[in-house]
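# Tertiary structure, described
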Amino acid sequence: MREWFAGECASRGLGLSEDRVGNQWGWWGDPDGSTAGGIVTGSHLDSVPDGGAFDGPLGVVSALLAIDKLRSDGLRPTRPIGVVNFVDEEGARFGVSCVGSRVITGALSAEKGLALRDADGVTMAEAMRTAGRHPDSLGPDPEALARIGSFVELHIEQGRGLIDLGHPVAVGNGLWSHGRWRIEIPGEPNHAGTTRLSDRRDAVIGCAQLVLGARTAAEAHDSLATIGKINIMPGGVNAIAGLATAWLDARASDEAALSATVAQIAEQAVGLGAVVAEESRTPHTDFDDVLVTRLARVLDGAPVMSTGAGHDAGILANAGVPAAMIFVRNPTGVSHSPAEWAEPEDCLAGVAALASVLAELAEAQP
Ligand SMILES: [Zn+2]
């Protein structure tokens with residue numbers, strides 16, 4: 001994918017550079033030639049296990065095609081335009097998302113990042129060396145960040161919002177607050193064939209109550225709560241579980257709703273004798289108001305919406321970079337699945353929208 005990206009940049013005459021974590025940047029114009037910084041677009045090319053074709057790549061491909069469109073329209077930007085391919089956005093191997101943008105902004109320290117381990121116990125530092133990379137270079141990269149005057153990430157929508165609105169594209173104005181919690185529900189391991197029901201302390205029963213409780217809490221607070229990963233010990237068909245560990249993913253459009261959702265689930269968990277530990281929590285991210293308003297004006301009539309998914313654009317926004325997003329309609333809403341899809345005409349509408357936005361922000365002249 002990285003070689004493909006480098007080749008696409010080369011064939012367009014874009015100047016390719018890498019920052020300290022390995023994110024790739026292709027520049028049309030001199031990225032250091034504008035004190036206000038360049039207009040950067042792009043996304044990521046990595047995916048999740050059994051993922052789809054659009055989450056990430058649509059943003060990178062659309063960025064390259066938007067540049068093609070500006071050129072075929074005979075437009076020349078006054079400010080430099082950059083296309084970025086962020087590394088390890090999904091965190092599929094080491095468990096932390098948006099590593100590429102987190103490291104260059106300092107949101108994730110090199111020390112913590114390099115010590116992350118995959119399912120086989122291999123650290124990110126070891127994996128980088130095996131791949132011929134240099135883990136020692138990892139760290140915040142203020143020079144790479146200073147080149148970004150504004151960042152606009154185009155992404156396939158990961159929900160059904162645009163179907164209902166009847167529009168092919170929308171402007172993204174923010175990311176919901178979200179977090180992950182680990183819940184350990186205790187029980188007493190015993191024999192499934194000889195332990196009377198009245199004598200059992202079955203960790204899975206408590207876990208099942210929490211799965212349903214999470215749903216109830218989400219309905220009560222108009223949020224989202226999901227338990228998608230459960231580890232049961234000892235995990236035998238004929239064994240009553242002595243411990244169940246469940247991971248809760250909770251998201252909401254505002255902090256209060258998220259806190260209320262998690263508090264309700266935690267209260268139920270504590271009542272079951274469980275221990276709840278927060279593994280991560282990311283506050284609500286508002287994209288740049290001025291930029292969002294400008295995009296909405298350029299994309300005359302495009303709806304403005306927020307999303308429950310995390311993106312590199314959110315990490316950059318939290319680091320003070322003016323950022324916004326463009327979403328392209330997903331006719332099924334399915335994402336992180338091979339069934340993820342966008343109609344070709346909607347993809348082209350996305351390219352046209354991005355080209356208009358780039359022309360406006362980069363002050364393109366005929
Ligand atoms: Zn993505």
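Preceding this section is the structure that the text describes.
Since this is a predicted model, take the numbers as computed values, not measurements. (Residues numbered from 1 in each chain as written. Predicted model: local features only at pLDDT ≥ 70, side-chain atom pairs only at ≥ 80, totals over all residues. Heavy atoms only, no water.)

A word on the packing of aromatic side chains. Applying the stated criterion to the full structure yields three aromatic pairs. Ring centres of Trp 25 and Phe 86 lie 5.8 Å apart, and the angle between their planes is 80°; on these two criteria the pair is classed as edge-to-face. Here Trp 25, found in strand β2 (residues 24-28), pairs with Phe 86, found in strand β4 (residues 81-86); they are 61 residues apart in sequence, far enough to count as distant. For the pair Phe 54 and Trp 341, a centre-to-centre distance of 5.6 Å together with 80° between the ring planes defines the contact as edge-to-face. Taken together, the positions of Phe 54 in the loop between β3 (38-44) and α2 (57-72) and Trp 341 in the loop between β15 (323-328) and α12 (344-361) put the pair 287 residues apart, joining distant regions of the chain. One aromatic cluster is present, formed by Trp 25, Phe 86 and Phe 151 through successive ring pairs. Above the plane of the ring of Trp 28 lies Arg 71, whose end atom (NZ or CZ) is 4.4 Å from the centre. Stacked on the ring of Trp 247, the Lys or Arg Lys 229 has its end atom at 4.5 Å from the ring centre. (Phe/Tyr/Trp six-rings, centres within 6.5 Å; stacked < 30°, edge-to-face > 60°. Helix = DSSP H or I, 4+ residues; strand = E, 2+ residues; numbered from the N terminus. Lys NZ or Arg CZ within 6 Å of the ring centre and 35° of its normal.)

Time to look at the coordination of the zinc ion. For the zinc ion, the protein coordination sphere consists of His 44 (NE2), Asp 55 (OD) and His 155 (NE2), at 2.0 to 2.2 Å. We note that the donor set of the zinc ion lies within a single chain, spaced as H-x10-D-x99-H. Of this pair, His 44 sits in strand β3 while Asp 55 sits in the loop between β3 and α2, placing them eleven residues apart in sequence. With a relative accessible area of 3%, Asp 55 lands in the buried category. (Donors = N, O, S within 2.8 Å, 3.2 Å for Na, K, Ca; no water. Buried < 20%, exposed > 50% of the residue type's maximum accessible area, 1.4 Å probe, protein only.)

The subject of this paragraph is α12. Relative to the 26 Å expected for 18 residues at 1.5 Å per residue, α12 spans 26 Å between its end C-alpha atoms, a close match to the ideal helical length. Remark: Glu 363 follows α12 within two positions and exhibits a positive phi of approximately 50°. (Expected span 1.5 Å × (residues − 1).)

Along its 19 residues, helix α8 (residues 203-221) runs 27 Å from first to last C-alpha, staying within 8% of the 27 Å computed at 1.5 Å per residue. Within α8, burial applies to Ala 203, Gly 206, Cys 207, Leu 210, Gly 213, Ala 214, Ala 217 and Ala 218. For α8, the buried positions fall inside an angular range of 135° around the axis, keeping them on one side. Exposed and facing more than 90 degrees away from the buried side of α8 are Ile 205, Leu 212, Arg 215 and Glu 219. Lining the buried residues of α8 we find β7 (177-186), β9 (224-233), β11 (243-252) and α9 (255-271). N-cap assignment for α8: the residue whose side-chain oxygen lies 2.9 Å from the backbone N of Val 204 is Asp 202. Once α8 ends, the next one or two residues include Asp 222, with phi positive near 55°. (Arc of directions from axis to C-beta. Contact = heavy atoms within 4.5 Å. Polar contact = N/O pair within 3.5 Å; in protein donor to acceptor, adjacent residues only side chain to side chain.)

Geometric descriptors of this kind do not, in isolation, establish any biological role.
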